[in-house]
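Residue strings, one per chain:
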Amino acid sequence: QVHLVESGGGLVQAGGSLRLSCAASGSTFSIHTMGWFRQAPGKQREVVATISSGRSTNYADSVKGRCTISRDAAWNAVYLQINNLKPEDTGLYYCNALTYGSVEPFWGQGTQVTVSS
């Protein structure tokens, strides 16, 4: 089992920046990929960025060039730096972890990001 807790969300003006954090605990040694997802009101949850054991990263086209995902060496934390925030970045941001021992991913409870125009 992996327990995830997100933090760092808030209300920010367009053009601003936020750094989201996700603290992981439990069987973090089994994690091979972590990611950030977001869900806007009335929309499906979508991937924002992912990072793997080898630190390779992938980003949604909508955030490329504005976003950086990073993690610590032991999978105890993963971060998402978002710059030049836009109103369309508004949503509930979730942290996600994939492990070698589980078919289903683990999810945090989410942190709200609201970008005002």
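Residues numbered from 1 in each chain as written. Predicted model: local features only at pLDDT ≥ 70, side-chain atom pairs only at ≥ 80, totals over all residues. Heavy atoms only, no water.

## Here's the deal with the state of the cysteines
(1) Moving on: One pass over the full model with this rule turns up one disulfide.
(2) Moving on: Cys22 shares a disulfide with Cys95; S-S distance 2.1 Å. Since a negative S-S torsion denotes a left-handed disulfide, the Cys22-Cys95 link at about -85° is left-handed. Highlighted residues: Cys22 in strand β3 (residues 18-26) and Cys95 in strand β9 (residues 91-99), separated in sequence by 73 residues. (Disulfide = S-S within 2.5 Å. Helix = DSSP H or I, 4+ residues; strand = E, 2+ residues; numbered from the N terminus.)

## What to know about the pairing of strand β8 (residues 77-82)
(1) Moving on: In this structure, β3 lies alongside β8, joined through six bridges in antiparallel fashion. Bridged to Ala23 within β8 is Ala77.
(2) Moving on: Across five bridges, strand β7 (residues 67-71) lies against β8 in antiparallel orientation. Counterpart to Thr68 in the pairing with β8 is Gln81.
(3) Moving on: The turn joining β7 and β8, which pair antiparallel and follow one another in sequence, is formed by five residues; a positive phi near 60° is taken by Trp75. (Pairing = 2+ DSSP bridges.)

The values are spatial; any link to function lies outside them.
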